[in-house]
Amino acid sequence: MAVSVTVERVVKVFGTFTALKEVSLEVQPGELFFLLGPSGCGKTTLLRCIAGFYRPESGRILIGDVDVTVLPPHRRDTGMMFQSYALWPHMTVEENVAFGLKMRKVPRTEVRRRVGEALELVHLSDRAKVRPNQLSGGQQQRVALARALVIRPRCLLLDEPLSNLDAKLRLEMRMEIRRICKQAGLTAIYVTHDQKEALSVADRLAVMRDGVVEQTGTPEEVYRAPVNRFVAGFIGEGTFIEGRIEAGAGPGVRVSTRIGMLHAARAPQGTQAGDCVTLCLRPEALGLYMSPDVPSGNLLRGQFIESVYLGEVAQHRVEVASADGGAPCVLTAVELNPVAGRRREGEPAAVWIPPEHVIVTPFE
């Protein structure tokens, strides 16, 4: 049965370094929750605190309604999957999967039944008798996942499980892990630094920096409404432009920037006229216009300085002159299903930014 996981004001210190600074979050039963952030942000430390490998200096961790803060790992009923699969090379696939059950003194008939169910769940029933060195990387990853699932954990913990796979296998296994977790009805907490992985698989995610949770929300919420420049830059791409709000906060705010006045559909709560802010302009939100018949608001005129054709899309870099005579601003725009031929360097370009896609974040 799926359980919630609650982290309350957890602090973890290594020597003089504070890895977690009063971290709090709530994972709902059956949720696939991602911990995301750059190297050293504290995401793996938090996962290891939840697993019981580290004991926090203060705070509480609850799995369901049970306080597990000081319990050892084997008493938490969690399954852990690491970057390295750590499969026993001398054992068959089914022996690897059965290992944890045998350590728990589960009866032989029950072991056989549960191993069969776990291998069926990861689509490896036909490979039960082979050894790990006869499997592909993706198949080894599935064995490690089956081994974590077979003990029927209340919560599954995954520490960058796809990092050792090639790009094609990573794409394949993203949705496979989501399918398995949902089919098994598991609560899962998944650590990664891969933004695309998190956006495509997570129910909700938390973005961390320097031992602090900067923002939690659904992938769409975090991508479209980041709380600050760090989150906006870490989740996806964008051009950042500093500006000042010229109209009061609320719908339809106007922001004065060095490339002209830009209209935004919304601004952070509490923002007032005169406040300094940072705008994030996503490449996919910028519309390219080659004819004079273009929208009037949020229109920027410039010239192409580089175009890269990628098949289904083309990436264009457009240089826009600064309104104050300073250095020009270079915007990156994405063109879907691009027309044949590349844009020529120096060719005029007009870029339109819909107000609902102008992301306004506090100035940092």
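See the structure above.
All figures in this text were calculated on a predicted structure; none of them were measured in a lab.

How each quantity is defined
Residues numbered from 1 in each chain as written. Predicted model: local features only at pLDDT ≥ 70, side-chain atom pairs only at ≥ 80, totals over all residues. Heavy atoms only, no water. Axes fitted to C-alpha atoms, helices over the stretch in contact; angles between N-to-C directions. Helix = DSSP H or I, 4+ residues; strand = E, 2+ residues; numbered from the N terminus. Parallel < 35°, antiparallel > 145°, perpendicular 65-115°, else oblique. Left-handed = near helix turned anticlockwise from the far one by under 90°. Contact = heavy atoms within 4.5 Å. Nonpolar A, V, L, I, M, F, W, Y, C, P; charged D, E, K, R; others polar. Salt bridge = Lys/Arg side-chain N within 4 Å of Asp/Glu carboxyl O. Buried < 20%, exposed > 50% of the residue type's maximum accessible area, 1.4 Å probe, protein only. Pairing = 2+ DSSP bridges. Lys, Arg positive; Asp, Glu negative; His and termini not counted. Polar contact = N/O pair within 3.5 Å; in protein donor to acceptor, adjacent residues only side chain to side chain.

## Describing the packing of helix 2 (residues 93-103) against helix 3 (residues 108-121)
In step 1: Where helix 2 contacts helix 3, the axes come no closer than 10 Å and their chain directions differ by 120°. With respect to helix 3, the element helix 2 is oriented oblique. Between helix 2 and helix 3 lies a crossing of right-handed hand. Contacts between helix 2 and helix 3 pair Val93, Glu94, Val97, Ala98 and Leu101 from the former with Val111, Arg114, Val115, Ala118 and Leu119 from the latter.
In step 2: Here the contact of helix 2 with helix 3 is built from residues that sort into eight nonpolar, no polar and two charged.

## A look at the pattern of salt bridges
One side chain can pair with another of opposite charge once the charged atoms of both are near each other.
In step 1: Scanning the entire structure with this criterion turns up 19 salt bridges.
In step 2: Close ionic contact of Glu117 with Arg152 constitutes a salt bridge, the shortest N to O distance being 3.3 Å. On the criterion of sequence distance, the pair formed by Glu117 in helix 3 and Arg152 in the loop between helix 4 (137-150) and strand 7 (155-159) is long-range, its members being 35 residues apart.
In step 3: Given a relative accessible area of 37%, Glu117 falls into the partly exposed group.
In step 4: Asp194 is paired through a salt bridge with Arg174; the nearest N and O atoms lie 3.9 Å apart. Of this pair, Asp194 sits in the loop between strand 8 (187-192) and helix 6 (195-201) while Arg174 sits in helix 5 (residues 167-184); the two residues are 20 residues apart in sequence, bridging distant segments of the chain.
In step 5: Ionic contacts of the salt-bridge type, sharing partners, join the residues Glu110, Arg113, Arg114, Glu117 and Arg152 into one network.

## A look at the sheet that holds strand 10 (residues 212-217)
In step 1: Across the sheet, which stays open at both edges, the six strands sit in the order 6-7-8-3-9-10 with mixed pairing between neighbours. The sheet terminates laterally at strand 6 (78-81) and strand 10, the two strands that pair on one side only. Taken over all neighbouring pairs, the strand axes of this sheet differ in orientation by 15° on average, direction set aside.
In step 2: Relative to strand 8, strand 3 (residues 32-36) is paired through five bridges, and the arrangement is parallel. Opposite Leu36, over in strand 8, you have Thr192 as the bridge partner.
In step 3: Together, strand 6 and strand 7 form the strand contacts of helix 4, whose direction differs from that of strand 6 by roughly 165°.

## Comments concerning the side chain of Asp159
In step 1: Among the structural elements, Asp159 can be located in strand 7.
In step 2: Among buried charged residues, Asp159 stands out as having no salt bridge; its nearest opposite-charge side chain is Arg48, 4.7 Å away.
In step 3: At 3.3 Å, the side chain of Asp159 forms a polar contact with the side chain of Thr44.
In step 4: Setting aside anything within four residues of it in sequence, one finds Asp159 in contact with Thr44, Leu47, Met80, Met81, Phe82, Gln83 and Val191.

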